[in-house]
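Structural overview for review
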Amino acid sequence: MKILVYIQRDGDSIGRNSIEALAGAQKFAAELSGEVMAVCLDSSLTEKLTGYNISEVITVSHDGLNTYSPLHFTAAMEQVIADVSANVVVFGHTYQVRDWAPRLSARLNAPFISDCVDADGSTGLTGIRQVYQGKINTNISAEGLVLMSFQSGAFRADSVETGSAAARTMDVDLSSVPATIRPGERFKESKGGVDLTRAEVVVSVGRGIGKEENIPLVKDLKESLGAELGSSRPVVDYGWLPHERQIGSSGQVVTPKMYLAVGISGAIQHQVGMKGSDNIVAINKDPNAPIFEIADYGVVADLFEILPKLSQSIKDYKS
Ligand SMILES: Cc1cc2nc3c(=O)[nH]c(=O)nc-3n(C[C@H](O)[C@H](O)[C@H](O)COP(=O)(O)OP(=O)(O)OC[C@H]3O[C@@H](n4cnc5c(N)ncnc54)[C@H](O)[C@@H]3O)c2cc1C
């Protein structure tokens with residue numbers, strides 16, 4: 001079983017989603033007794049990739065791949081997949097992948113199990129994805145060549161196994177690809193440069209804050225921690241914070257080192273956006289709040305008592 005992972009560049013480095021997808025592929029490969037390979041369309045990523053536990057890094061260099069082009073990416077990947085006789089092609093579920101992987105799926109007549117939160121190789125090739133707004137998981141099995149993408153946070157980037165991989169470059173023929181699609185300016189999800197997906201610490205506020213006038217309490221805490229501010233959906237629906245702060249199935253998906261949930265119950269639609277965080281701390285006055293089921297540290301308390309003291313203690317500690 002050959003598992004080929006597509007590595008997407010983000011800025012000057014490998015995209016976090018791609019590292020997570022690589023970690024997922026390694027787990028999947030162990031269950032399937034398979035072999036993991038990686039393909040990148042950018043030679044600046046090759047050296048870093050050879051430090052992971054994969055059998056081979058394939059670098060495809062071609063002028064037509066220097067900027068994003070769904071037609072060129074599709075044609076190049078089609079040739080790589082044929083060259084290595086891949087059985088499974090794994091992607092991080094990014095906006096870019098969402099744009100061109102379905103095209104590749106159609107071209108290859110291969111099923112695309114998209115937006116998976118896990119994969120199970122113990123009973124064949126099975127992708128696990130959420131349905132009904134994250135209320136239940138469904139297992140989708142497929143045979144033959146299969147494309148699969150993993151949701152951000154499905155696997156932990158720091159669980160990727162390191163090792164030593166061989167590297168080679170591959171030439172592709174893109175001469176017959178029409179230049180009918182040209183990239184525009186790159187889409188940025190958040191206005192004003194807010195990208196919660198890169199934050200190391202997120203302090204997130206929920207309906208428990210009661211009213212807009214109380215939001216500064218949470219802002220004070222996030223500033224003392226040097227964190228980014230996130231929120232649950234009701235806080236956005238009420239207009240207390242802009243949508244770019246929303247975390248969850250209809251907001252951003254974050255995986256910080258610490259996620260501090262303040263007055264958030266932990267509905268599944270919220271969990272989808274933060275359960276991949278390294279450490280989850282929850283402050284909630286209800287000991288039965290679902291957030292405590294996934295929290296590493298839980299504080300059962302009235303946030304209006306805790307927050308001012310917590311902010312002050314952190315400031316004292318730092319000074
Ligand atoms: C299609 C769809 C998409 C959705 N997408 C999202 C999404 O992207 N993100 C999202 O967050 N939600 C989303 N939701 C909404 C989701 O179902 C929940 O309604 C929402 O997450 C609840 O937000 P909350 O935890 O802030 O509020 P609540 O569920 O009302 O929880 C408030 C919590 O605050 C606690 N609390 C109250 N007062 C205090 C106090 N003084 N001190 C301490 N704790 C206190 C309460 O005990 C309670 O647990 C979506 C729903 C649907 C149907």
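Residues numbered from 1 in each chain as written. Predicted model: local features only at pLDDT ≥ 70, side-chain atom pairs only at ≥ 80, totals over all residues.

1. Quick word on the overall build of the protein chain
Convention followed: Here a helix means four or more residues in a row that DSSP labels H or I, a strand means two or more in a row labelled E, and each is numbered from the N terminus. Radius of gyration means the value over C-alpha atoms here, while the globule rule gives 2.2 Å times the residue count to the 0.38 power. Partly exposed residues are those whose C-beta has more than 12 but fewer than 20 other C-beta atoms within 10 Å; 20 or more makes a residue buried and 12 or fewer makes it exposed, with C-beta atoms placed from the backbone.
A count of helices and strands for the protein chain gives nine helices and 16 strands. In terms of overall size, the protein chain behaves like a compact globule, its C-alpha atoms giving a radius of gyration of 21 Å where 319 residues would be expected to give roughly 20 Å. Along the first, second and third principal axes, the C-alpha set of the protein chain runs to 65 × 45 × 35 Å. A total of 319 residues make up the protein chain; the buried ones form 41% of that total.

2. Overview of the site of the ligand
Selection criterion: In this analysis, residues qualify as near a molecule or strand once their C-beta atom, positioned from backbone atoms, comes within 6 Å of it. By the convention adopted, Pro, Cys, Tyr, Trp, Phe, Met, Ile, Leu, Val and Ala count as nonpolar, Lys, Arg, Asp and Glu as charged, and the other residues, Gly among them, as polar.
Around the ligand lies a shell of 28 residues, among which Gly206, Gly208, Ser232, Gly248 and Ser265 are the nearest. Of the residues assigned to the shell around the ligand, the class counts are eight nonpolar, 15 polar and five charged.

3. Considering the nonpolar core
Stated formally: By definition, a nonpolar core groups buried Ala, Val, Leu, Ile, Met, Phe, Trp, Tyr and Cys residues that are joined through C-beta atoms within 7 Å. Here, residue contact means that the backbone-derived C-beta atoms of the two residues sit within 7 Å.
In terms of nonpolar packing, the biggest core is built from 54 residues, with Val5, Ala38 and Val90 touching the most fellow members. For this core, the element with the most residues is helix H1 (residues 16-32), which contributes seven residues. Excluding its chain neighbours within four sequence positions, the residues that come into contact with Ala38 are Val5, Ile7, Leu22, Leu49, Ile54 and Val57.

4. A word on the sheet that holds strand E14 (residues 258-262)
Two strands in a sheet stick together by hydrogen bonds in their backbones, pointing the same way (parallel) or opposite ways (antiparallel). What counts, and what does not: Paired strands are those between which DSSP finds at least two bridges. Every axis in this analysis is a line fitted to C-alpha atoms, fitted for helices over the stretch in contact. Angles between the N-to-C directions lie between 0 and 180 degrees.
Reading across the sheet, the five strands line up as E13-E12-E14-E15-E16 and stay open at both edges, with parallel pairing between neighbours. Two strands lie at the open edges of the sheet, namely strand E13 (228-231) and strand E16 (297-300), each paired on one side alone. Across the sheet, the mean angle separating the axes of adjacent strands is 15° when strand polarity is ignored. Bridge analysis of strand E12 (residues 201-205) against E14 gives five bridges, and the strand direction is parallel. Residue pairing for E14: Val201 is matched across the bridge by Met258. Its contacts with the sheet put helix H5 (residues 215-225) on E12, E13 and E14, and the angle it makes with E12 is roughly 170°.

5. As for the domain arrangement of the protein chain
Inclusion rule: Where each domain begins and ends is defined by an automated method or by a domain database.
Assigned domains of the protein chain: these are domain 1 (2-170) and domain 2 (191-318). Placing a centre on the C-alpha atoms of domain 1 and another on those of domain 2 gives a separation of 31 Å. Across the boundary between the two partners, domain 1 contributes eight residues, which contact eight residues of domain 2. Of the residues contributing to the side of domain 1 that touches domain 2, the split by class is no nonpolar, six polar and two charged.

6. Here's the deal with helix H3 (residues 70-84)
Cut-off, in case you're wondering: Any helix carries an expected span of 1.5 Å times its number of residues minus one.
An ideal rise of 1.5 Å per residue puts 21 Å on 15 residues; H3 measures up with 21 Å between its terminal C-alpha atoms. Listing the buried residues of H3 in full gives His72, Phe73, Thr74, Ala75, Ala76, Met77 and Ile81. Among the structural elements, strand E1 (2-7), strand E5 (56-60), strand E6 (88-92) and helix H4 (95-108) are those in contact with the buried residues of H3. Two residues or fewer after H3 comes Ser85, characterised by a positive phi angle close to 50°.

7. Some points on the sheet that holds E1
If you walk across this open sheet you meet the nine strands as E9-E8-E7-E10-E6-E1-E4-E5-E11, and the pairing is mixed. Here the strands that pair on one side only, and so sit at the sheet edges, are strand E9 (136-141) and strand E11 (166-170). Neighbour to neighbour, the strand axes of the sheet diverge by 35° on average, direction disregarded. Summarising the sheet, E1 and strand E4 (residues 35-40) pair through six bridges and their orientation is parallel. If you follow Tyr6 over to E4, its bridge partner there is Val39. This element, H1, spans E1, E4, E6, strand E7 (112-120) and strand E10 (146-150) of the sheet and lies at about 145° to E6. Docked against the sheet, H3 engages E1, E4, E5, E6 and E11, running at close to 155° with respect to E1.

8. Some thoughts on the pairing of E11
Two faces make up the sheet, and in a regular strand the side chains alternate between them. Counting buried residues in E11 gives zero out of five residues, a small share hidden from the surface. Sheet analysis places E5 next to E11, joined by five bridges and oriented parallel. Paired with Val57 across the strands is Ala167, a residue of E11.

9. Details of the packing of H5 against helix H9 (residues 303-318)
Convention followed: When describing relative orientation, an angle under 35 degrees is termed roughly parallel and one over 145 degrees roughly antiparallel, while 65 to 115 degrees is termed roughly perpendicular and anything else oblique. Helix crossings are classified by the rotation of the near helix relative to the far one: an anticlockwise turn of less than a right angle makes the crossing left-handed, while a clockwise turn makes it right-handed.
Relative to each other, H5 and H9 sit at 20°, their axes nearing to 9 Å. Taken together, the axis directions place H5 and H9 in an arrangement best described as roughly parallel. With respect to the hand of their crossing, H5 and H9 are arranged in left-handed fashion. In this structure, H5 contributes Leu217, Val218, Asp220, Leu221, Ser224 and Leu225 to the contact, and H9 contributes Leu307, Pro308, Leu310, Ser311, Ile314 and Lys315. Taken together, the residues that form the contact of H5 with H9 break down as eight nonpolar, two polar and two charged.

10. Things to note about the environment of Tyr132
In this fold, Tyr132 is placed in the loop between strand E8 (126-131) and E9. Between the C-alpha atom of Tyr132 and that of Gln269, which follows or precedes it by 137 residues, the distance is 9.8 Å.

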